[in-house]
Each structure stands twice: as C-alpha cells, then as structure tokens.
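Descriptive analysis of the structure
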Amino acid sequence: MRYNGFSYLLGEGFRNVLKNKKSTIISIMTMVCTMFLFGIFFAIGVNVNSILEQVQLQQGMKVFLWDETTEEQKQKLETEIKALDGVNTVTYTTKQQALDEFKTMMKNRDEFLSIYEGENNIFPASFVVTLTNLEKSEEIYNEIERIGARLATEGRSNDVDLEIEESTEHDSIIQEITNSDVVITTLIKIVKGVRMAIGIIFIVLLIISITIISNTIKLTVHARRKEISIMKYVGATNGFIRWPFIIEGIVIGIIAAVITLLIVGLLYDFVVQHIESSEVLQKIGVTLLSFIEIAKTISIVYAVLGIGIGIIGSTMSMKKYLEV
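Residues numbered from 1 in each chain as written. Predicted model: local features only at pLDDT ≥ 70, side-chain atom pairs only at ≥ 80, totals over all residues. Heavy atoms only, no water.

A word on the overall build of the chain
Worth spelling out the cut-off: Secondary structure is summarised from DSSP: a helix means a run of H or I of at least four residues, a strand means a run of E of at least two, and numbering begins at the N terminus for each. Exposure classes here rest on a 1.4 Å probe applied to the protein chains alone. A residue is buried below 20% of its type maximum, exposed above 50%, and partly exposed in between. The criterion used for residue contact is that any of the two residues' heavy atoms lie within 4.5 Å. All accessibility values rest on the Shrake-Rupley procedure with a 1.4 Å probe; residue burial counts only the protein chains present in the view.
Each helix and strand in the chain was counted, giving 12 helices and four strands. The 324 residues of the chain split such that 40% are buried. Taking as baseline every contact in the chain between residues at least 6 positions apart, the subset at least 24 positions apart corresponds to 84%. Counting every atom, the chain has about 19,000 Å² of accessible surface; 63% of that belongs to carbon and sulfur.

Details of the nonpolar core
Let me state the cut-off plainly: Here the nonpolar core consists of buried residues drawn from Ala, Val, Leu, Ile, Met, Phe, Trp, Tyr and Cys, with membership extended through side-chain atoms lying within 4.5 Å.
The biggest cluster of nonpolar side chains holds 24 residues, and the ones touching the most others in it are Met35, Tyr268, Phe291 and Tyr302. Where this core is concerned, the elements lending two or more residues are α2 (21-58), α8 (181-223), α10 (238-276) and α12 (291-322). The residues touching phenylalanine 291, leaving out its near neighbours within four places in the chain, are Leu261, Val264, Gly265, Tyr268, Asp269 and Ile298. Val87, Val90, Val129 and Leu151 belong to the second largest nonpolar core, which has 19 residues in total.

Considering the environment of glutamine 273
Mapped onto the fold, glutamine 273 is located in helix α10. Along the backbone, glutamine 273 and serine 290 are 17 residues apart, and their C-alpha atoms lie at a distance of 9.0 Å.

Notes on the sheet that holds strand β3 (residues 126-131)
Basically, it comes down to this: Pairing between strands is defined by DSSP: at least two bridges between them are needed. Simply put, an axis is a line fit to the C-alpha atoms, just over the touching stretch for a helix, and the angle between two N-to-C directions goes from 0 to 180 degrees.
Read across the sheet, four strands follow the order β2-β3-β1-β4 without closing on themselves; strand pairing throughout is antiparallel. A strand with exactly one partner marks an edge of an open sheet, and here the two such strands are β2 (87-93) and β4 (174-179). Strand-to-strand twist of the sheet, defined as the mean angle between neighbouring strand axes without regard to direction, takes the value 15 degrees. Pairing of strand β1 (residues 60-65) with β3 involves five bridges; the strand directions are antiparallel. When the bridges of β3 are listed, methionine 61 appears paired with valine 129.

Looking at the pattern of salt bridges
For the record, the criterion: Salt bridge, as used here, is a side-chain nitrogen of Lys or Arg placed within 4 Å of a carboxyl oxygen of Asp or Glu.
In this structure the tally under the stated criterion is nine salt bridges. Put simply, glutamate 80 and arginine 150 hold a salt bridge, and the shortest N to O gap is 2.2 Å. With glutamate 80 in helix α3 (residues 71-82) and arginine 150 in helix α6 (residues 137-157), the pair connects residues that are 70 residues apart, well separated along the chain. Its salt-bridge partner being lysine 136, residue aspartate 85 comes within 2.2 Å of it at the nearest N-O pair. Of this pair, aspartate 85 sits in the loop between α3 and β2 while lysine 136 sits in the loop between β3 and α6, and the two are 51 residues apart along the sequence. According to the relative accessible area criterion, aspartate 85 is exposed, its value standing at 54%.

Let's talk about a nonpolar patch on the surface
Using the following cut-off: Patch membership requires over 30% relative accessible area and the absence of a salt bridge. Like charges are linked within 9 Å, and nonpolar side chains (Val, Leu, Ile, Met, Phe, Trp, Tyr) within 5 Å.
Judged by side-chain polarity, Met196, Ile200, Val204 and Ile208 come together as a nonpolar surface patch covering roughly 380 Å² of accessible area. Topologically, isoleucine 200 is positioned in helix α8.

A short note on the packing of aromatic side chains
The condition that has to hold: Two aromatic rings from Phe, Tyr or Trp, using only the six-membered ring of Trp, form a pair when their centres are within 6.5 Å; if the ring planes differ by under 30 degrees the pair is stacked, by over 60 it is edge-to-face, and anything between is tilted.
In this structure the tally under the stated criterion is three aromatic pairs. Here tyrosine 268 and phenylalanine 291 contribute two aromatic rings whose centre-to-centre distance is 6.0 Å and whose plane-to-plane angle is 55 degrees, an arrangement assigned as tilted. Of this pair, tyrosine 268 sits in helix α10 while phenylalanine 291 sits in helix α12, and the two are 23 residues apart along the sequence.

Description of the environment of phenylalanine 41
Mapped onto the fold, phenylalanine 41 is located in helix α2. Considering only alpha carbons, one finds phenylalanine 41 and glycine 199, 158 residues apart in sequence, at a separation of 9.3 Å. Excluding its chain neighbours within four sequence positions, the residues that come into contact with phenylalanine 41 are Ile198 and Ile201.

Brief notes about the packing of helix α9 (residues 225-233) against α10
For clarity, the cut-off: Should an angle fall under 35 degrees it is called roughly parallel, over 145 degrees roughly antiparallel, and 65 to 115 degrees roughly perpendicular, with every other angle called oblique. Residue classes follow a fixed rule: Ala, Val, Leu, Ile, Met, Phe, Trp, Tyr, Cys and Pro count as nonpolar, while Asp, Glu, Lys and Arg count as charged, and any other residue, Gly among them, counts as polar.
Two elements in contact, α9 and α10, have axes whose closest approach is 9 Å; the angle formed by their N-to-C orientations is 150 degrees. On the basis of the axis angle, α9 is roughly antiparallel to α10. Residues Ile228, Met231 and Lys232 of α9 form the contact with α10, whose own contacting residues are Asn238, Phe240, Ile241 and Phe245. A per-class count over the contact of α9 with α10 returns five nonpolar, one polar and one charged.

Points about the environment of glycine 265
Mapped onto the fold, glycine 265 is located in helix α10. A relative accessible area of 15% places glycine 265 in the buried class. Taking C-alpha positions, glycine 265 is 7.9 Å from alanine 295, a pair spaced 30 residues apart along the chain.

Observations regarding the confidence of the model for the chain
Keep this limit in mind: For every residue, the predictor states its confidence as a pLDDT score lying anywhere from 0 to 100.
For the chain, per-residue confidence averages 76 on the pLDDT scale, and 74% of positions sit at 70 or higher. Across the chain, α3 holds the top mean pLDDT of 92, while helix α7 (residues 162-167) sits lowest at 44. In this model, residues 160-168 is a region of pLDDT below 50 whose contacts with residues beyond four sequence positions or in other chains number 12 contacts.

See the structure below:
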C-alpha cells in the first residue's frame, strides 16, 4: 500500500510536469537563466582561488646574506626557514648565480659587468623563499629576521675560527629581506572582495529564483485549486496533496540543472581558451582551470540548487491553499 501510494505521488508529479507545459517551460527557463548567472560567478570564484594559489607559489621573499656568512650558518638558516609553517620552497642562489641572473637581465652589457667577476662580485648570496599562504607573509618575514639575528649571536659566542669571528661584525647574518608587500596585500584584498561579492550575488540570485519559481508554480496550483479543495474535503492530508507539487519542482530543478550544465560546459572552455591565449596570463605564468576540473563541483552545486529551489518554491506556493 505504501509502495502504491508512493508510486501514485511520483507519477502525479511527473504528470504535472508534462501536463502543465507552459508553466514548466517558464519555470525551467527562469531557473536556467538564474543558474547560468550563478555558474558564471562560480567559475570566476574558483579561478580566482586557483590563480591565488599559483601566485602564492611564485610570490615570496628574497633573503640576502652577508658575504661573511659561513656555510654552517647558511645550512642552519635554510633548515629553519624550511621548517616554518607557510613556507613552500627555499632555494639557495650563490653570488655567481646572482651575477649571472643580472647579466641575463642586462643584455649586451657583458663588457661592463665583467668588472664584477671573481672577488669583485658585489652581488650577495640569497635564499628565495616561496609561500603556501600569502597571509602569513609578515609573520614569516619576522621569523626569518629573528633566525638571522640568533644565528649571528651564536656565531659571536663561538670564536674558534676566523670566518665566524668576521661574521659577527653584523647583528644578523641576513643583510636584507625583500618581499612584494604591495602585490601580496593587493592580492589578498582582491580575493576577499571577490569572495564576498560572489557570496552576496549568490544569495540575491537564490532569493530571486525561489520567488520566481514559487510564483510560477503558484499559477499551476491556482489552476488546480478546485481539485485541491475536493481532495481536502475527502480527507486527503496536506502531505498527500503537497508531494506531487514538490516532485514537480524537483523534476523541473533537475532538468534546469542539466540544461545549464551543458550550456556552461560548452561556453566555459571556449572562453578559457581565448583568455589563456592572451599575453597577460602568459607573462604572470598562471593558467585557468579547465571545465573538467570544475565539472564535478559545479554539477553538485547545480543539483543542490535545482532540487533545493524546486522544493522550496513548491512548498511556498502550496502554503496558501493548504491552510485550514
């Protein structure tokens, strides 16, 4: 009996979808438009997060060392920096490598730069530190400064060899730390702003969707108000009357979700290919996510949105006609 009752409610829900073609098409089109807009902002949001992660792996700081810094101090500094929370990679650059990099930047100036070879090399050795979390940039900066000062103090207390004695001329084995404070701060602000904007837009679109869908379904309910009244007179419960409309809303939501997913999928890769071919992204060395990479997440989001809006819209539209 329970199975027969469930089959009836399920069948009625599907029949309502086919029977009320005009309202069904309007509901589907409304949901597709709304979910398409949400899909655009969702795609922007996940790509902004992806770009931030890529930039985080590139952005970092340079830790310049005094020439007197010993190999032992360099090894200790590298080990302790790597152990810091939020550090991604630590790469050592020798004085010669620093000079070679500068030569690469200053093309056709080899004769001028040749005076800096050997003992005349004025370029300091350094560590390039990249981060996993840009928001920890200042914290890591301060920690590296403390480590550099402590290692200099340890060297000062151990005056066994001449190299260490010479290194104690400075309060720290670190000459200077440079980082892209402006870039990092700007990126963090942009990401927070985009996330907040997407959240607000999502809520607004959700409210608009539920309102429009509930009003659309309400037209169907209004057209069948006599049938609902008769069902109530013969003893049908509110749940028994409500479920076919809820199922109708769920079916409409799923159909809209599938249609929107196909549209977004076709347009997304087309747009991404054109954006990635631009010089801007190539220069900063970042890539956008392919649709395959976001397909699973956006499919789940669309399914939840479609079913959720369908259920809420149907429930709201039925409320007036089920009141005793």
